[in-house]
Amino acid sequence: MIPALRRQFNQSFTPQKYQALLTAMDARVGCHVKYRQAETPCFFPLALLNTLAASGQELMEQLLANPEYPAASTATIPEEFRVPNEPPRPLFVQADFGLTEDLQPKLVEIQGFPSLYGYQPVLARQYLETYSLDPSLRYFYGDLDDARYRELLGRAILDGHDPENVILMEIDPERQKTLPDFKATEQLLGIRSVCITKLRKQGRKLFYERDGRLVPVHRIYNRVIVDELVRLGVKAPFDWREDLDVEWAGHPNWFFRLSKFSIPYFKHRSVPRTSFLSDVAYLPHDLDNYVLKPLFSFAGLGVIIGPTREQVESIAADQRHQYILQERVNFAPLIDTPQGPAKAEIRVMYIWLDQLIPTSTIIRMGRGKMMGVDHNRNMEWVGASAALYPRKD
């Protein structure tokens with residue numbers, strides 16, 4: 001993307017440096033990173049990154065200005081998971097984009113659920129250090145640096161509470177692939193990761209055990225994926241619908257409201273044509289040019305690229321409102337690597353306090369049909385990466 005930086009990196013790369021990166025990341029976060037970390041960062045022009053950030057902001061403005069959307073999206077929240085005291089906007093927003101051959105961003109997905117806010121800056125810094133890259137290269141948006149970012153993330157997650165009374169809630173966090181992010185978040189803010197099943201409820205209050213003591217929970221940084229909760233049959237020790245004496249850092253309802261469900265409502269140059277499957281009266285003859293996606297899957301589960309007519313028609317009529325049919329966009333392999341060109345999916349990460357602030361990006365490099373790390377196994381120069389950019393284009 002920035003040819004001079006790309007050539008310089010490729011020419012100076014050695015397998016030994018890459019191994020040093022992996023070793024350093026494990027040491028930095030305090031556990032083994034199980035998913036694949038790419039050999040390289042990606043070097044993007046600032047103007048392109050700003051275009052992506054602006055597109056995500058425009059999409060959110062458009063969605064929240066739509067008077068029909070609140071009622072429509074409420075219907076997506078299962079009755080047993082409708083949590084009270086929902087704020088009017090999500091605290092965390094993630095917008096995933098791919099790039100076409102002419103560098104036009106196209107939306108892949110948007111979600112109101114927190115991502116790797118702890119881990120990603122660690123990875124970006126480690127690329128800079130391990131490969132002795134130009135220290136002026138940046139990885140945060142705007143005037144954010146490590147100190148300002150930590151303050152902003154602390155405002156979002158802690159909101160003035162003692163870190164002891166704030167938890168990161170997940171299902172069996174020690175077994176999750178995102179454990180490195182949980183560890184990095186604890187290093188940044190001092191909050192512990194707690195399995196949802198380990199919480200205790202007394203009246204309207206929740207507690208967790210910390211160093212042999214029962215500690216009250218005042219605020220929850222929610223990382224529980226509801227479809228995983230259902231799939232695994234995990235029972236929470238509280239009723240999600242109950243008005244508990246607890247705050248949410250990332251209100252659970254926004255997992256449903258801001259999701260694939262929102263994509264058909266967008267009218268924007270970055271959004272491929274998308275319809276709810278239940279609204280498709282006649283299937284297009286060129287289904288190879290479409291993608292079938294369940295609304296609330298995670299990490300690409302259930303997504304079919306170029307579905308057959310039989311696959312689409314096998315979905316029961318009363319379930320079709322749970323799927324979208326989206327025009328397939330051919331993302332260009334724009335990253336030159338020693339193993340051949342690779343594609344990059346760029347996730348813009350936002351925090352919404354007084355205003356919607358883009359903070360940084362997550363990169364997924366790949367050569368497969370899908371970009372997640374699970375879909376590019378047994379390949380090199382693919383996987384989780386970070387975007388670096390010069391201060392000025």
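Each chain has its residues counted from 1, running along the sequence as written. Only residues with pLDDT of at least 70 get local features here, since the model is predicted, and only at 80 or more are side-chain atom pairs given and counted; chain-wide, interface and lining totals rely on the full set of residues. Hydrogens are left out, water is left out, and the side-chain values use all remaining heavy atoms of the structure.

Moving on: the pattern of salt bridges. In what follows, salt bridge is the name for a side-chain nitrogen of Lys or Arg lying within 4 Å of a carboxyl oxygen of Asp or Glu. Going through the model one piece at a time under the given rule, you end up with 25 salt bridges. Here Glu109 ties to Lys260 by a salt bridge, and the two come within 3.3 Å at their closest N and O atoms. Residue Glu109 is found in strand 3 (residues 105-111), and its partner Lys260 is found in the loop between helix 9 (254-257) and strand 11 (274-276); the two are separated by 151 residues along the sequence. Under the scheme applied here, a residue whose accessible area is under 20% of the maximum for its type counts as buried, over 50% as exposed, and between as partly exposed, the area being computed with a 1.4 Å probe on protein chains only. The buried category is assigned to Glu109, whose relative accessible area is 18%. A salt bridge links Arg148 to Asp145; the nearest nitrogen and oxygen atoms lie 3.2 Å apart. Among the residues examined, Asp145 registers a relative accessible area of 31% and is labelled partly exposed. Bridged by salt links that share partners, the residues Asp159, Arg219 and Glu247 form one connected network. Runs of H or I in DSSP of at least four residues are treated as helices and runs of E of at least two as strands, each being numbered from the N terminus.

So, about the nonpolar core. One recurring pattern in soluble globular proteins is that nonpolar side chains are buried together. In this description, a nonpolar core means a group of buried Ala, Val, Leu, Ile, Met, Phe, Trp, Tyr and Cys residues linked to one another through side-chain atoms lying within 4.5 Å. Counting 119 residues, the largest nonpolar core has Phe44 and Met169 as its most contacted members. For this core, the element with the most residues is helix 3 (residues 46-64), which contributes eight residues. Leu277, Tyr290, Leu292 and Ile315 belong to the second-largest nonpolar core, a separate cluster that totals eight residues.

What follows deals with the sheet that holds strand 6 (residues 200-202). Read across the sheet, three strands follow the order 6-7-8 without closing on themselves; strand pairing throughout is antiparallel. Single-partner strands in this sheet number two, and they are strand 6 and strand 8 (213-217). The sheet shows a mean angle of 40° between the axes of neighbouring strands, direction not considered. By this definition, two strands are paired if DSSP reports at least two bridges between them. Looking at chain direction, strand 7 (residues 205-210) and strand 8 are connected through five bridges and run antiparallel. Within strand 8, the residue paired with Tyr208 across the bridge is Val215. Note on geometry: axes are lines fitted to C-alpha atoms, helical ones only across the stretch in contact, with angles between N-to-C directions running from 0 to 180 degrees.

Time to look at the packing of aromatic side chains. Stacked, tilted and edge-to-face are the three classes applied to pairs of Phe, Tyr and Trp rings, where Trp contributes its six-membered ring and a pair requires centres within 6.5 Å; stacked means planes under 30 degrees apart, edge-to-face means over 60, and tilted covers the rest. Across all of its chains, the model carries 22 aromatic pairs by this definition. Pairing Tyr35 with Tyr119 gives two aromatic rings, centres 5.7 Å apart and planes at 75°, and the pair type is edge-to-face. Highlighted residues: Tyr35 in the loop between helix 2 (15-29) and strand 1 (42-43) and Tyr119 in helix 5 (residues 119-130), separated in sequence by 84 residues. Across this residue pair, the class does not change: Tyr35 and Tyr119 are buried. In textbook terms, an aromatic cluster arises when at least three aromatic residues are bridged by ring pairs, as seen for Phe9, Phe13, Phe43, Tyr127, Tyr131 and Trp381.

Attention now goes to the packing of helix 6 (residues 146-157) against helix 7 (residues 179-189). Where helix 6 meets helix 7, the closest approach of the two axes is 10 Å, and the angle between their N-to-C directions is 100°. Here helix 7 runs roughly perpendicular to helix 6, going by the angle between their axes. For the pair formed by helix 6 and helix 7, the contact residues are Arg150, Leu153, Gly154 and Ile157 on the first element and Gln187, Leu188 and Leu189 on the second. Here the nonpolar group is Ala, Val, Leu, Ile, Met, Phe, Trp, Tyr, Cys and Pro; Asp, Glu, Lys and Arg are the charged ones; every other residue, Gly included, is treated as polar. Here the residues of the contact of helix 6 with helix 7 sort into four nonpolar, two polar and one charged. Small angles under 35 degrees read as roughly parallel and large ones over 145 as roughly antiparallel, with 65 to 115 read as roughly perpendicular and the rest as oblique. Any two residues having at least one pair of non-hydrogen atoms within 4.5 Å are treated as being in contact.

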